[in-house]
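# Structure at a glance
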Amino acid sequence: MSFFTTDFAPYEGQVEIDLLPQIAVQFGRFMNSLAGRPSQGLYLGAALVSHMTMQGHVCLDLSSVEGRALYDDQGNVICHCPPFDIWKRDLLDSGVVARSGDPAPLILDDQGRLYLYRYWQYENSLAKHLLNRSNEDLVKHDPERLGNLLGKYFPSINSNEIDWQALAAFVSTTKRLCVISGGPGTGKTSTVCKILGLVLELNTSFSPRIVLAAPTGKAAARLEQAIKDHREDLPAPQQIREMIPQHASTIHRLLGARASSPYFLHNKDNPLPADIVVVDEASMVDLPLMAKLFDALEPDTHVFLLGDKDQLASVEAGAVLGDICSETNVKTFSSGFIEAVGQVLPFPLNGLSQGFESTGLHDCVVQLTKNYRFGEQSGIGALARAVNSGNADAVLDILGSSRFSDVRWYPLPSPSSLASGLTRTIISEYGAYLQDGDVAEKFSHLDNYRILCALRHGPYGLFTINQIVQRILERHGLAAPLGEIYPGLPLLVTKNDYDLGIFNGDLGIVVQTGGGDDTMSVAFRNPDGSIRMIHPTRLPEYEMAYAMSIHKAQGSEFDRITIVLPDTDVPILTRELLYTAITRAREGVEIWAKEEILRKMVLRRIWRSSGLKEALS
């Protein structure tokens, strides 16, 4: 149904509108209804930029699609895009498209990128915040005092190689922005805990207000626990350790989320009362949320971003951490920065590449490479490195050999044979979990193992795999029939409920709370380890969680995982998706996949259209 009286047939004749989401179609029509000069170019640009934003892109790069066919994920032709000059003329003559900086529903920048206005605003605002922080001169400290403190917290600085953790600590004390990237096991959270202790000792004249945050409740709970664990091991006085906070929250909670509103309590007019903000799992933070976070900070607030630049980008629009940690900003520093490092840290400076004369974002980014979890004998570590480098032959060699005991590759069975192939693993991994009566122990069991799926739908998708697991458990007397709520059923919340304090990604377990058969509640684990109960009927949307999507597994870790890939190639199967899945495991990885799918997946990279990287360069 359309609410517009204009005849849009002339503008939609060359577009397969059934292949676009209705919201994109209606937005294209809406822009043409507002335009002083409607056109097919305007309709197509508006519909596609709406569609691309929903796909995770920040903008529509006209130069990347002009003059060629545009396809959907199934290979169907959506439309044929016009030549750049004609398209640009149609857009700028419409009256609803402006150049950068002018208010209009759509923005076309000088590089031919078309934005929804609010996304241009998010990108522009965040770039200014990052550049303002990173372009400031280095904060000067007494070199001897800072050097002694760095040596106290990072004793290995006296070795013959660069201690990148110590370098990150140096950045955090001399810049108001510190970005620490590294894979699982490289010590990001232990490093930031040491940094907080060091900063507190360095600034004894006042007590900085420190807040810890992450994009999801699950990631916040992990950050909170990691800080608690590392805090007690710090070589710091007890009063310093006690000043490091024990509570972490989601970014939404930190900013003061308002129900059914995209706006927060804290913003540029009501800044967050914080001197130091630590954000973990920064790769999961989308462009709008990161922009709103920086908008809500005082200019002198120090920001520490932690994450893995090689993981999946955020579900929503943008790839902020990846854009910040671009090739030019990693392990390349200014001459002034290297000189300042040499006055404080004793390790050799020839490992620091000088690529800039003046300070900037490149002096704020540190990439951790030494892995303390996966040594040379770790198949998980070797596999993750091979995937990350895009070496498909090495990936298949590692999986096909018997050199490593912690990685296994199984040929993908047919859909009808999948259940029999999985049965032994399912009973072994979930049997003890369902038979254990203690709620805390059940949560620990769930941390031990999980099935990760690349897709949600299809014969190898999340919903089908969950049903297969459920039927296997039912046949062995461990679960009730499919569709029933029963003790031990794991549930994953898929929608935020601010009133209940339950958020997308939170994991719950159904438990029996009374004497009657129908007395059930869902247990949720709080960040401090305590349990709270909520009746199933009060929960927002949720799904069964024996298997979960790789996207939802971001921010989680398990001892062992089984990765199930589909039997056909689709664009979502990327190197970053596989790397993210593999690095969720601490001890063992099983991969069920076809060789050709694995090879294509390793060779394909995520691409997000954005102007942030260029704005930061």
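Residues numbered from 1 in each chain as written. Predicted model: local features only at pLDDT ≥ 70, side-chain atom pairs only at ≥ 80, totals over all residues. Heavy atoms only, no water.

## Re helix α23 (residues 595–603)
Buried within α23 we find Ile597, Leu598, Met601 and Val602. Angularly, the buried residues of α23 cover 130 degrees about the axis, an arc narrow enough to put them on a single face. (Buried < 20%, exposed > 50% of the residue type's maximum accessible area, 1.4 Å probe, protein only. Helix = DSSP H or I, 4+ residues; strand = E, 2+ residues; numbered from the N terminus. Arc of directions from axis to C-beta.)

## A short note on the packing of aromatic side chains
A complete count under the given rule lists eight aromatic pairs for this structure. Pairwise contacts between aromatic rings join Tyr430, Tyr433, Tyr449 and Tyr546 into one cluster. Positioned above the aromatic ring of Trp164, the side-chain terminus of Lys331 is 4.9 Å from the ring centre. Sitting over the face of the ring of Tyr433, Lys442 holds its NZ or CZ atom 4.9 Å from the ring centroid. (Phe/Tyr/Trp six-rings, centres within 6.5 Å; stacked < 30°, edge-to-face > 60°. Lys NZ or Arg CZ within 6 Å of the ring centre and 35° of its normal.)

## Concerning the sheet that holds strand β11 (residues 302–307)
Pairing within the open sheet is parallel, and its six strands lie in the order β9-β8-β10-β11-β7-β14. Of all the strands in the sheet, the pair left with one neighbour each is β9 (248–250) and β14 (365–367). Taken pair by pair, the neighbouring strands of this sheet meet at an average axis angle of 20 degrees, ignoring direction. Where strand β8 (residues 210–214) meets β9, three bridges bridge the pair, whose relative direction is parallel. Looking at the pairing, Leu212 lines up with Ala248 of β9. Seen against the sheet, helix α9 (residues 188–202) touches β7 (177–181), β8, β10 (276–279) and β11 and runs at an angle of roughly 165 degrees to β11. (Pairing = 2+ DSSP bridges. Axes fitted to C-alpha atoms, helices over the stretch in contact; angles between N-to-C directions. Contact = heavy atoms within 4.5 Å.)

## Observations regarding the domain arrangement of the protein
The domain boundaries assigned to the protein delineate domain 1 (22–123), domain 2 (142–373) and domain 3 (379–603). Opposite the seven residues of domain 1 that make contact, domain 2 presents seven residues. Both faces combined, the contact of domain 1 with domain 2 buries some 540 Å², and carbon together with sulfur accounts for 75% of it. Put simply, domain 1 and domain 2 have zero salt bridges between them. Where domain 1 packs against domain 2, one counts one residue pair in polar contact (both at pLDDT 80 or more). When residues in the side of domain 1 that touches domain 2 are grouped by element, the largest group, three residues, is from helix α6 (residues 117–134). Per-class residue counts for the side of domain 1 that touches domain 2 are three nonpolar, three polar and one charged. (Domains from an automatic or database assignment. Buried area = accessible area lost by both parts, 1.4 Å probe. Salt bridge = Lys/Arg side-chain N within 4 Å of Asp/Glu carboxyl O. Polar contact = N/O pair within 3.5 Å; in protein donor to acceptor, adjacent residues only side chain to side chain. Nonpolar A, V, L, I, M, F, W, Y, C, P; charged D, E, K, R; others polar.)

## Quick word on the packing of α6 against helix α13 (residues 287–295)
Remark: α6 packs on α13, axes separated minimally by 9 Å, with the N-to-C direction vectors making an angle of 50 degrees. One finds that α6 runs oblique with respect to α13. For the element pair α6 and α13, the recorded crossing hand is left-handed. Contacts between α6 and α13 involve Tyr119, Tyr122, Glu123, Ser125, Leu126, His129, Leu130 and Arg133 from the first element and Leu287, Pro288, Met290, Ala291, Lys292, Phe294 and Asp295 from the second. The residue inventory of the contact of α6 with α13, partitioned by class, reads nine nonpolar, two polar and four charged. (Parallel < 35°, antiparallel > 145°, perpendicular 65-115°, else oblique. Left-handed = near helix turned anticlockwise from the far one by under 90°.)

## Describing the sheet that holds strand β22 (residues 547–549)
Strand order in the open sheet formed by five strands is β15-β24-β23-β16-β22, and the pairing between neighbours is parallel. Two strands in the sheet have a free side with no partner beyond their single neighbour: β15 (407–410) and β22. Along the sheet, successive strands turn relative to each other by an average axial angle of 25 degrees, direction set aside. Across six bridges, the pairing between strand β23 (residues 558–564) and strand β24 (residues 585–592) is parallel. Paired with Thr562 across the bridge in β24 is Glu590.

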